[in-house]
Structures are given as structure tokens and as C-alpha cells.
Amino acid sequence: MIYVTDVSQYAFCPYSIYLRKIRKIKVVTPPMIFGDIYHRISEEIEKRERVIFDIFVEEDMGAEEIASIFYNDTKKVVRNTVLRNKRRITEDILGTIERLNQLFLRRSIDRALLLKEAMKTYRKKDIYDVVFPEAFTELSIASKKLNLCGRIDRVEEIDNKYYPVEIKTSTADRYIEKDILQLAGYALLLESKFGIPVDKGVIDYVILNKKYEVEIDTALKNDVLKIKNSVEEILNGYVPEKKRKKECDFCNLRDICWK
Ligand code: SF4
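Asks: How would you summarise the overall build of the chain if you had to cite specific residues and measurements?
Replies: Counting secondary structure elements, the chain contains nine helices and six strands. A globule of 259 residues ought to have a C-alpha radius of gyration of about 18 Å, and the chain, at 20 Å, matches this closely. By principal-axis analysis of the C-alpha atoms, the chain measures approximately 65 × 45 × 25 Å. In the chain, which comprises 259 residues, the proportion classed as buried is 28%.

Asks: Quick one: what's the story with the nonpolar core, residue by residue and with numbers?
Replies: Core analysis: the biggest nonpolar cluster contains 31 residues, and V7, L183, A184, A187 and L190 have the highest contact counts within it. Elements represented by at least two residues in this core include exactly α1 (4-12), α2 (14-22), β3 (148-158), β4 (161-168), α7 (176-194) and α8 (218-235). It is α7 that provides the largest number of residues to this core, a total of nine residues. The contacts of V7, once residues within four sequence positions are left out, are I2, L181, G185, V224, I227, K228 and V231.

Asks: Report on the site of the ligand, specifying residues and quantitative values.
Replies: Every residue near the ligand is listed here: C13, Y15, S16, L19, K242, E247, C248, C251, L253, R254 and C257. Of all the secondary-structure elements, those providing two or more residues to the shell around the ligand are α2 and α9 (254-258). With three residues, α2 is the largest single contributor of residues to the shell around the ligand. Looking at side-chain class alone, the shell around the ligand contains seven nonpolar, one polar and three charged residues.

Asks: Describe the domain arrangement of the chain, with residues and values.
Replies: Taken as a whole, the chain is organised into domain 1 (2-25 + 134-241) and domain 2 (30-131). On the side of domain 2, nine residues touch domain 1, which itself brings eight residues to the contact. Here the side of domain 1 that touches domain 2 is composed, by residue class, of three nonpolar, three polar and two charged.

Asks: Which residues make up the packing of helix α4 (residues 63-84) against helix α5 (residues 93-119), and what values do they have?
Replies: The contact between α4 and α5 brings their axes to 8 Å, and the two run at 150°. Judged by the inter-axis angle, α4 sits roughly antiparallel to α5. In this structure, α4 meets α5 at a crossing whose hand is right-handed. Its residues assigned to classes, the contact of α4 with α5 shows 16 nonpolar, four polar and four charged.

Asks: Residue-level account of the pairing of β3, with values.
Replies: Where strand β1 (residues 2-3) and β3 come together, two bridges link them in parallel fashion. If you follow I2 over to β3, its bridge partner there is L148. In this structure, strand β2 (residues 135-143) lies alongside β3, joined through eight bridges in antiparallel fashion. Each bridged residue has a counterpart across the sheet, and for A135 the counterpart in β3 is E156. Following β2, the chain reverses through four residues before pairing antiparallel with β3; N147 in that reversal takes a positive phi of roughly 55°. Pairing of β3 with β4, which is carried by five bridges, proceeds in the antiparallel orientation. Among the inter-strand pairings, V155 is bridged to a residue of β4, identified as P164.

Asks: Can you explain the pairing of strand β5 (residues 200-205)? Please cite residues and give values.
Replies: Look at any regular strand and the pattern is simple: side chains alternate between the two faces of the sheet. Here β4 pairs with β5 via four bridges, running parallel. For K168, the partnering residue across the bridge sits in β5 and is Y205. What joins β4 to β5 is α7, and the crossover it makes is right-handed. Where β5 lies against strand β6 (residues 210-215), six bridges are found, and the strand directions are antiparallel.

Thresholds applied
Residues numbered from 1 in each chain as written. Predicted model: local features only at pLDDT ≥ 70, side-chain atom pairs only at ≥ 80, totals over all residues. Helix = DSSP H or I, 4+ residues; strand = E, 2+ residues; numbered from the N terminus. Rg over C-alpha atoms; globule rule 2.2 N^0.38 Å. Buried ≥ 20, exposed ≤ 12 C-beta atoms within 10 Å, placed from the backbone. Core = buried A, V, L, I, M, F, W, Y, C linked by C-beta atoms within 7 Å. Contact = placed C-beta atoms within 7 Å. Near = placed C-beta within 6 Å. Nonpolar A, V, L, I, M, F, W, Y, C, P; charged D, E, K, R; others polar. Domains from an automatic or database assignment. Axes fitted to C-alpha atoms, helices over the stretch in contact; angles between N-to-C directions. Parallel < 35°, antiparallel > 145°, perpendicular 65-115°, else oblique. Left-handed = near helix turned anticlockwise from the far one by under 90°. Pairing = 2+ DSSP bridges. Right-handed = clockwise from strand over helix to strand, strands pointing away.

Encoded structure:
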């Protein structure tokens, strides 16, 4: 089965699919490990946040106080997760904790502000569902019919419609086209699972503090399916040409290709 990430990777460079899938070359970089840890923390916070809100937040609290309640719990999750993964981290451990704390501090403040605003209109028991509608995190879907599978960072359900959210910890959005294809691949998987059209999604570059809402139309979905066929050709023995291009400067495989 083809992974949605293989489709987006193909858009970046077909030859990289050949190296990873056929030659089985695996490169793990510090930013990849950082991204993985970020996702683990995010998943854990997501599970705890609602409980923290129910138990510790009072209606007369200000946004700052609510943010501080969220953030104090978040710091514990960050620290524990980093320490559990310390053998994988090649960078400074305290520096990594600090970077993650800064990223999640923004999230605590944003969520507290949204909740405080909603408290003007709704009763506390209803607020969380209104402000943060039901979401699935790290949802894995495989479709035999599409011969496509993937794990979606977050899926939001609003008015019986589903929206994929792709969370990126990259420090630049120069390859947003590739990320848009990934989002469109997830839209196809959600359609196959729930049988409801998915026409929008979000790419959240957390380090850059930028969120893009993306329209996912039929042309984009067809692009995903076409590229998926090209990935299948590589898996069946076709070797794409290795070409020097600007992407090589930002590629984790450049030493293997060009040294
Ligand atoms: S270094 Fe260049 S040619 Fe090699 S896999 Fe990366 S992008 Fe492709």
C-alpha cells in the first residue's frame, strides 16, 4: 500500500522514493526527531486539556490565569516526554525542553483566550465542545480501494463534516505544495472512511506560527491519485532519473546522492 507521505515525497523528488523504498536508505535527522516528539506531546496534551479545564478552571478566572493553568501542566508533559526520548535526542536536552515549552506556551495562551471569549456566551459545561469540537488525533486510515494509507495528525469534526489538519514543525514553508498534496491525500482517505466529501483542510506550521486553510478540490485529489500511480511504478521496478535541482540543497539524502 502507498503512504500519503510517499505521494508528497514524490512531488519533492521521485528519486528520493527510489532511495527510501527500493534501496531502503533511512535517514533520521534531529528535526525529524524533534517533530516526532512534538507530535507525542501534542497528543498527550490533547488528552489532558479537557480534564484540566473541567477540574481547575473557574468561570471568574481571567485568560492569563487559565493560560497559566494549561501551561503548568504542559510543561510537565514536555519534560516527561523529552526525558523518555532522551536517548534519541542528539541536541542539548534542556535547550530542546525550552524550545518545546515556547511552542506550547503559545498554544496555552491561544486556547485560554478562545475559552475566555466563549465564557461570555456559553456555560462552562458546554464551552469545551463549542470551542474545541470533537477531534481525532493521529488517526490511521488505510483504503484498499485507493491502495493508499496514512496517519492524520488531527481530524476535526464540525457539523458532520471532517477536516484534516496537518501539523508541521518545519522551519520554513517553502515546500507548501508538497504539504498541500499530503493534506489532499488525507482528504481522500477521510472520504473513503466516512463516505462524506472532504473539501477543506488546514496546514499548521507551528514553529512559524502560520496556519493555512486549504481548499481541496477534485483536481487536487486527482493529482494525488496520479502521483500515487507514479509511486507504484517505482515500487514495481522503474528507476527515476537522479537530477540536481534546488530541492537537493534542503534534502536529507543529499550526501548519498551527491557526495
Ligand atoms: S539529493 Fe536531490 S536528487 Fe537526491 S533525493 Fe534529494 S532531492 Fe532527490
